[in-house]
Amino acid sequence: MRNAFMNTVMDACQTRDDIFIVTGDAGLGVFDEFKDTYPDKFLNLGVAEQNMIGFSAGLSLTGFKVYVYNIIPFVLYRCYEQVRNDICYQKLPVTLVGIGSGITYAPGGMTHYSVEDIGIAQTLPNLTVISPIDPVEAKLAAQYSLEANEPVYIRLAKRGEPAIHDRDKFDITLPQVVKEGADVAILFHGSISVEVMKAYEELIRGEIYPLLVSIPMLQPLQKESLLDILKKMKHVICVEEHFENCGLGNIMRKVSLESHSTWKLKTMGIPYQFIHEIKNTESMREHFGISSSDIVRTVKDIAGGVNERR
Amino acid sequence: MDLIDISKSIRRTIIELAHNSKGPHVGSSLSCVDILATLYFNVMNFEPWEKRDIFILSKAHAAMALYSTLAARGIIDKSLLDGYYQNNGTLPAHLDRFSAKGIETSGGALGHGFNIGLGMSYGFKNNKEDRKVYALIGDGESQEGSIWEGALFAPKLGLSNFTAITDYNNLQGYGRARDICSFEPLRSKWQAFGWHTIEIDGHDHKAINDALNEDPMGKPKMIIACTTKGKGVSFMEDQMVWHYYIVTDELKKKAFEELR
């Protein structure tokens, strides 16, 4: 996803001279070619995140389309007030490209996880938030950001994720039906898509066909479009590699309440606690109950209930 | 009008705003008037507006000084001042760039405008635009880590079109900066960081003017302007309380007598 996103941005430099990439000593190898081709369109501002964001806001004020690349804690947490005051409050078209969403970097330790970033982003008016599920969405997110006149935050995992969509052109601002299905819908965003797709393959082997809906743009969420997709559903399961209390699950609790939804909501996410477990990403997902087998079990429990009532 | 009269007039407007709003930061605003007057009336270029030089009030709690200067220079309409820090007003106590012309950046939290200014000066340099950026920081503000993050990068980037000015009144909200932390010696710190550094009397218009025009020899410039908080009104001068005190009817009258 990282490469799909950054390559789209870097390719745009062939026809635009206003794009500028700033990093905070991150992205080993990603920008080597770009730096050589466009030496005056790239800056490594070092290990100084407050300056990195403030500086980027200033660059933006002089007409540059600025991309700030760093791991999520250093693009959103360490410099929260700069993002709030300098970029969002001033409504500057700076794109924050955050790498290492969720527990991508496990067992790197809690400081390097990003399990609350969507919650934090929800406190920032003017900020558009995109959490792509695959390289196709990452590329479309990049295209969106290139045209955006507002701050954008892109939440990426790492590189090498498989393509999930079989289409390559759609409206990234809208929830997307990935697989048609009935009764039970699974909503997801970001890198948990790998687990969702694995679960889906197993479910269809058992002739259970849930509706899969990716939500690339979490903020602003196009609620009407989403409610329309969900209107025939009996159950909605929301799964994400993020704290359960402040991510998409929480957004959906509000949507469900406000829309007097007829479907029942079940949220799956990482419990709201500091992570001390030392496990790799897959084991960590299993530990926190958001792995493919957890998704399968949850859908089967619910689908069983649906069938019993019939 | 010469800069002495202009500065006096700006100071009167500040007292007026502080009186009308019953708001704080009078001392902080009076402290930097001579710097702002010199910048806006003698040094900065505003023609054409699209290619103007940029001034960033990083110590944005001194907003009254900026509003009063912008009005004196004719950049904003004087009528906007009536709504300073008022219910359903026009201008907030800290800066909002959408509130009026000439407010280049939003600000209020310390240690932000300085770094935005660095980004702007780099942008102008990169665009090969001959535009200068000035940022005024406070000595209290110099305790922010972000200031020193930026201080490390500006020389490396050759930002000779960037001038920072420290309003060195040595009196912050709750005490003397030098009693609160070891930020002194200030000049040698900036020198050590690779800045072209000048120390002046921050109320001497000629000294301010000369320092602003001095060739920085390819480096970013730091002017340490030694100032007096509350300058121009004797009973406010160097008095910590005037970071937060409000101007009553009687005090306004007394201040105006001194600023005639």
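Residues numbered from 1 in each chain as written. Chains lettered and ligands numbered in written order. Predicted model: local features only at pLDDT ≥ 70, side-chain atom pairs only at ≥ 80, totals over all residues. Heavy atoms only, no water.

In this section: the overall build of chain A. Along its length, chain A carries 12 helices and 12 strands. The globule rule puts the C-alpha radius of gyration for 310 residues at 19 Å, and the 19 Å found for chain A is close to it. Structurally, chain A occupies a C-alpha span of about 65 × 40 × 30 Å along its principal axes. Taking all 310 residues of chain A together, the buried fraction comes to 61%. Taking all contacts inside chain A whose residues are at least 6 apart in sequence as the whole, residues at least 24 apart take part in 76%. Surface summary for chain A: the accessible area is close to 12600 Å², and the carbon and sulfur share equals 49%. Put simply, chain A has 31 plus and 39 minus side-chain charges, and the middle of one group is 5 Å from the middle of the other. (Helix = DSSP H or I, 4+ residues; strand = E, 2+ residues; numbered from the N terminus. Rg over C-alpha atoms; globule rule 2.2 N^0.38 Å. Buried < 20%, exposed > 50% of the residue type's maximum accessible area, 1.4 Å probe, protein only. Contact = heavy atoms within 4.5 Å. Areas by Shrake-Rupley, 256 points an atom, 1.4 Å probe, with all protein chains shown as cover. Lys, Arg positive; Asp, Glu negative; His and termini not counted. Charge placed at Lys NZ, Arg CZ, Asp CG, Glu CD.)

Here we come to the overall build of chain B. Each helix and strand in chain B was counted, giving 10 helices and 5 strands. Relative to the compact-globule value of 18 Å for 260 residues, chain B shows a C-alpha radius of gyration of 17 Å, a close match. Dimensions of chain B along its principal axes, counting C-alpha atoms only, are 50 × 45 × 35 Å. When burial is assessed residue by residue, chain B has 60% of its 260 residues classed as buried. Across chain B, the mean location of the 29 positive side-chain charges is 2 Å away from that of the 32 negative side-chain charges.

Now for the interface of chain A and chain B. Between chain A and chain B, the residue contacts involve 27 residues of the former and 26 residues of the latter. For the chain A and chain B pair, buried surface summed over both sides reaches about 2100 Å², with 59% attributable to carbon and sulfur atoms. Taken together, the links from chain A to chain B amount to 0 salt bridges. In this structure, the connection of chain A to chain B is made through 10 residue pairs in polar contact (both at pLDDT 80 or more). At the level of elements, β2 (42-44), α3 (49-61) and α5 (80-88) of chain A are the ones that each hand at least two residues to the side of chain A that touches chain B. When residues in the side of chain A that touches chain B are grouped by element, the largest group, 9 residues, is from α3(A). Taken together, the residues of the side of chain A that touches chain B sort by class into 11 nonpolar, 10 polar and 6 charged. (Buried area = accessible area lost by both parts, 1.4 Å probe. Salt bridge = Lys/Arg side-chain N within 4 Å of Asp/Glu carboxyl O. Polar contact = N/O pair within 3.5 Å; in protein donor to acceptor, adjacent residues only side chain to side chain. Nonpolar A, V, L, I, M, F, W, Y, C, P; charged D, E, K, R; others polar.)

In this section: the packing of helix α5 (residues 113-126) of chain B against helix α6 (residues 145-153) of chain B. Residues and elements named next belong to chain B. Where α5 meets α6, the closest approach of the two axes is 8 Å, and the angle between their N-to-C directions is 25 degrees. When the axis of α5 is compared with that of α6, the two are roughly parallel. Where α5 crosses over α6, the handedness of that crossing is left-handed. In this structure, α5 uses F114, N115 and L118 to contact α6, whose residues at the interface are S146, I147, G150 and A151. When the residues that make up the contact of α5 with α6 are grouped by side-chain class, the tally is 4 nonpolar, 3 polar and no charged. (Axes fitted to C-alpha atoms, helices over the stretch in contact; angles between N-to-C directions. Parallel < 35°, antiparallel > 145°, perpendicular 65-115°, else oblique. Left-handed = near helix turned anticlockwise from the far one by under 90°.)

So, on to the pattern of salt bridges. Residue and element names in this part refer to chain B. In total, this model carries 19 salt bridges over all chains according to the counting rule given. Residues K252 and E16 are paired through a salt bridge, measuring 2.9 Å at the closest nitrogen-oxygen approach. Remark: E16 occurs in helix α1 (residues 3-21) and K252 occurs in helix α10 (residues 249-258); sequence separation between them is 236 residues. With relative accessibility at 29%, the residue E16 sits in the partly exposed group. One salt bridge connects K51 with E129, and the closest N-O pair in it is separated by 3.0 Å.

All names here are of chain A. As for its placement among the helices and strands, T298 is situated in helix α12 (residues 292-309). Assessed through its relative accessible area of 13%, T298 is described here as buried. For the pair T298 and M268, spaced 30 residues apart in the sequence, the C-alpha separation amounts to 9.3 Å.

Residues and elements named next belong to chain A. Splitting chain A by domain gives domain 1 (2-155) and domain 2 (176-309). Its C-alpha centre places domain 1 at a distance of 27 Å from the equivalent point of domain 2. Contact with domain 1, which involves 27 residues of that partner, is made by 29 residues of domain 2. Summing the contributions of domain 1 and of domain 2, the shared interface buries around 2200 Å²; its carbon and sulfur component is 61%. The tally of links from domain 1 across to domain 2 stands at 20 residue pairs in polar contact (both at pLDDT 80 or more). Contributions of two or more residues to the side of domain 1 that touches domain 2 are made by α6 (117-121), β5 (128-130) and α7 (135-147). A total of 4 residues in the side of domain 1 that touches domain 2 trace back to one element, the largest contributor, which is α6. Looking at the side of domain 1 that touches domain 2, its residues break down into 15 nonpolar, 8 polar and 4 charged. (Domains from an automatic or database assignment.)

What follows covers the sheet that holds strand β12 (residues 264-270) of chain A. Residue and element names in this part refer to chain A. If you trace the 5 strands from one edge of the open sheet to the other, you get β7-β9-β8-β11-β12, paired in mixed fashion. The open sheet has two edge strands, β7 (176-179) and β12, and neither has a second partner. The mean inter-strand angle of the sheet, taken between neighbouring strand axes irrespective of direction, is 25 degrees. Looking at chain direction, strand β11 (residues 235-243) and β12 are connected through 6 bridges and run parallel. Bridging from a neighbouring strand, F243 pairs with I270 of β12. (Pairing = 2+ DSSP bridges.)

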